Amino acid sequence: MEKVVFVGAGSMAEAMIQGWIEQNVVDATQIYITNRSNYERLDELSLKYGVNILQKKEELFHADIIVLAVKPKDGKVAMESISSFIAQNTPVLSVMAGISINAISNLLGNRPIARVMPNTSATIGMSASGVAFNEDVNEDLKKQYLQMLDAIGIVIEVEEEKLHAVTALSGSGPAYLYYLLEAWEKVGTEFGLSKETVRKLMVQTIAGSAAMLQQIKEEPDVLRKKVTSPGGTTEAGIQALESHHFNEAIYQCIKSAEARSRELAKGE
Ligand SMILES: NC(=O)C1=CN([C@@H]2O[C@H](COP(=O)(O)OP(=O)(O)OC[C@H]3O[C@@H](n4cnc5c(N)ncnc54)[C@H](OP(=O)(O)O)[C@@H]3O)[C@@H](O)[C@H]2O)C=CC1
Ligand SMILES: O=C(O)[C@@H]1CCC=N1
């Protein structure tokens, strides 16, 4: 991989750039970035990671891979602006939520396309990514794509249709956990603990629970029951979650996010 061009240099692009550089997947000198108008951001990333700023669109002709990392609403304009500058077979990797492979090939022509749904934990090599490929991605390229995605976390190949669900679950997932932590910090400080103490306790609680699920191959409900003493504190807590319709809230959360991904796919 000689030249990787990011079209859109926002937070997801930065997460991937940082992950790829730190995991030695792509050298900073091989990465080129471009934005619509935020040149300060390009300077910032260039200074921080040593990546190159794309000077003119003609340079896209020499790209080995183009990463589309603009917001879904900007996808059409961004693709139209590069379509006449990219070589016939240059592979495209898109992280745009909801924008289908079909929509991408309609604007950029038939070519190898990977649609990826990473999450921001790519920054530290901990993304949980889903990926779908079109039929123009041959086995060698698929291997290369999977290696790149593996370097920023774990990656699971799914049917394209299922990327809506992946987006709603693991794409948005970090935000749900941060939101939960915000709520824990609010209540913990109401009980007189400092925010720092609650943060330390609960971040370790999240990390420990995730590690338990990974290392001790037991179902979440089995692990939950081991925490829950009859008539104890956890039972009281879970009962409160149930009476406040926790399951329904989570169901609606994922359903709304999945539905929004489908709307984005229709350009709404
Ligand atoms: N953030 C997340 O957790 C995740 C995001 N995604 C997906 O990643 C994509 C990017 O999201 P995110 O990084 O958060 O968004 P940001 O808003 O942080 O970044 C988008 C970037 O795209 C640039 N841009 C917009 N229009 C164009 C254009 N026409 N040509 C070139 N660059 C352009 C913007 O530059 P300027 O400021 O100059 O307009 C901006 O730097 C989205 O499609 C999202 O669905 C996927 C998984 C997780
Ligand atoms: O909120 C969004 O649309 C993007 C997709 C997944 C995470 N962030």
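Residues numbered from 1 in each chain as written. Chains lettered and ligands numbered in written order. Predicted model: local features only at pLDDT ≥ 70, side-chain atom pairs only at ≥ 80, totals over all residues. Heavy atoms only, no water.

Participant: Could you give an account of the domain arrangement of the chain, naming the residues involved and the relevant values?
Facilitator: One can read the domain layout of the chain as domain 1 (4–160) and domain 2 (173–265). Listed by partner, the interface residues are seven residues for domain 1 and four residues for domain 2. In this assembly, domain 1 packs against domain 2 so that about 400 Å² is buried in total across both faces, 60% of it on carbon and sulfur atoms. Viewed at the interface, domain 2 and domain 1 are joined by zero salt bridges. Across the side of domain 1 that touches domain 2, the residue classes tally to three nonpolar, four polar and no charged. (Domains from an automatic or database assignment. Contact = heavy atoms within 4.5 Å. Buried area = accessible area lost by both parts, 1.4 Å probe. Salt bridge = Lys/Arg side-chain N within 4 Å of Asp/Glu carboxyl O. Nonpolar A, V, L, I, M, F, W, Y, C, P; charged D, E, K, R; others polar.)

Participant: Quick rundown of a nonpolar patch on the surface? Include the residues and the values.
Facilitator: Together, Leu241, Phe246 and Ile250 make up an exposed nonpolar region whose accessible area comes to about 240 Å². The residue Phe246 is located in helix α11 (residues 246–265) in this model. (Patch = residues over 30% accessible without salt bridge, like charges linked within 9 Å, V, L, I, M, F, W, Y side chains within 5 Å. Areas by Shrake-Rupley, 256 points an atom, 1.4 Å probe, with all protein chains shown as cover. Helix = DSSP H or I, 4+ residues; strand = E, 2+ residues; numbered from the N terminus.)

Participant: With reference to specific residues and values, describe the UniProt feature "domain: Pyrroline-5-carboxylate reductase dimerisation" (unreviewed entry) in the chain.
Facilitator: Per the UniProt entry, the sites bearing "domain: Pyrroline-5-carboxylate reductase dimerisation" (unreviewed entry) are residues 160–264 in this numbering. Overall, residues 160–264 shows 82% helix and 0% strand. The separation of its end C-alpha atoms is 14 Å. (UniProt positions renumbered as here; feature names shortened; annotations may be inferred.)

Participant: Could you give me a rundown of the sheet that holds strand β1 (residues 4–7), with the residues and numbers involved?
Facilitator: Across the sheet, eight strands lie side by side as β3-β2-β1-β4-β5-β6-β7-β8; this open sheet has mixed pairing. Of all strands in the sheet, those bounded by a partner on one side alone are β3 (52–53) and β8 (153–157). Pairing between strand β6 (residues 113–117) and strand β7 (residues 127–133): four bridges, direction antiparallel. If you follow Val116 over to β7, its bridge partner there is Val131. Set on the sheet, helix α1 (residues 11–22) makes contact with β1, β2 (31–34), β4 (65–68) and β5 (92–94); between it and β1 the angle comes to about 160°. (Pairing = 2+ DSSP bridges. Axes fitted to C-alpha atoms, helices over the stretch in contact; angles between N-to-C directions.)

Participant: Got a sec to walk through the layout of surface pockets? Specific residues and values, please.
Facilitator: Approximately 2,600 Å³ is the volume attributed to the largest pocket. Lining the largest pocket are 50 residues; nearest its centre among them are Leu177, Leu180, Ile206, Ser209 and Leu213. Broken down by secondary-structure element, the contributors of at least two residues to the lining of the largest pocket are β7, β8, α6 (163–171), α7 (173–190), α8 (195–215), α9 (220–227), α10 (233–243) and α11. Looking at the lining of the largest pocket residue by residue, the classes come out as 30 nonpolar, 17 polar and three charged. If you add up the space inside the second largest pocket, you get close to 1,200 Å³. Around the second largest pocket, the lining comprises 44 residues; the ones closest to its centre are Gly8, Gly10, Ala69, Val70 and Lys71. The element best represented in the lining of the second largest pocket is helix α3 (residues 75–82), accounting for four residues. Here the lining of the second largest pocket spans two domains, and each of domain 1 (4–160) and domain 2 (173–265) adds at least three residues to it. (1 Å grid on protein atoms, 1.4 Å probe; cavity = no way out; pocket = protein on both sides within 12 Å on 5 of 7 lines; lining within 4 Å. Points joined across faces, edges and corners; volume = space filled by probe spheres on them.)

Participant: Provide a residue-level description of the site of ligand 1, including the pertinent values.
Facilitator: The local shell around ligand 1 holds 23 residues, among which Met12, Asn35, Ser37, Asn38 and Val70 are the closest. For ligand 1, an oxygen atom lies 2.8 Å from a polar atom in the side chain of Arg36. When the free accessible area of ligand 1 is taken as 900 Å², the share hidden by the protein chains comes to 82%. Per-class residue counts for the shell around ligand 1 are twelve nonpolar, eight polar and three charged. (Near = heavy atom within 4 Å. Polar contact = N/O pair within 3.5 Å; in protein donor to acceptor, adjacent residues only side chain to side chain.)

Participant: Tell me about the site of ligand 2, and please be specific about residues and values.
Facilitator: Inspection of the region around ligand 2 gives Ala97, Gly171 and Ser172 as its neighbouring residues. Counting atoms within 2 Å of the grid points, the majority share of ligand 2 lands in the second largest pocket. (Sits in = over half its atoms within 2 Å of the grid points.)

Participant: So what's going on with the pairing of β8? Which residues, and what values?
Facilitator: The pairing of β7 with β8 spans five bridges and is parallel. By the bridge assignment for β8, Ser129 is matched with Val155. With helix α5 (residues 139–150) bridging β7 and the parallel β8, this β-α-β connection has right-handed handedness. (Right-handed = clockwise from strand over helix to strand, strands pointing away.)

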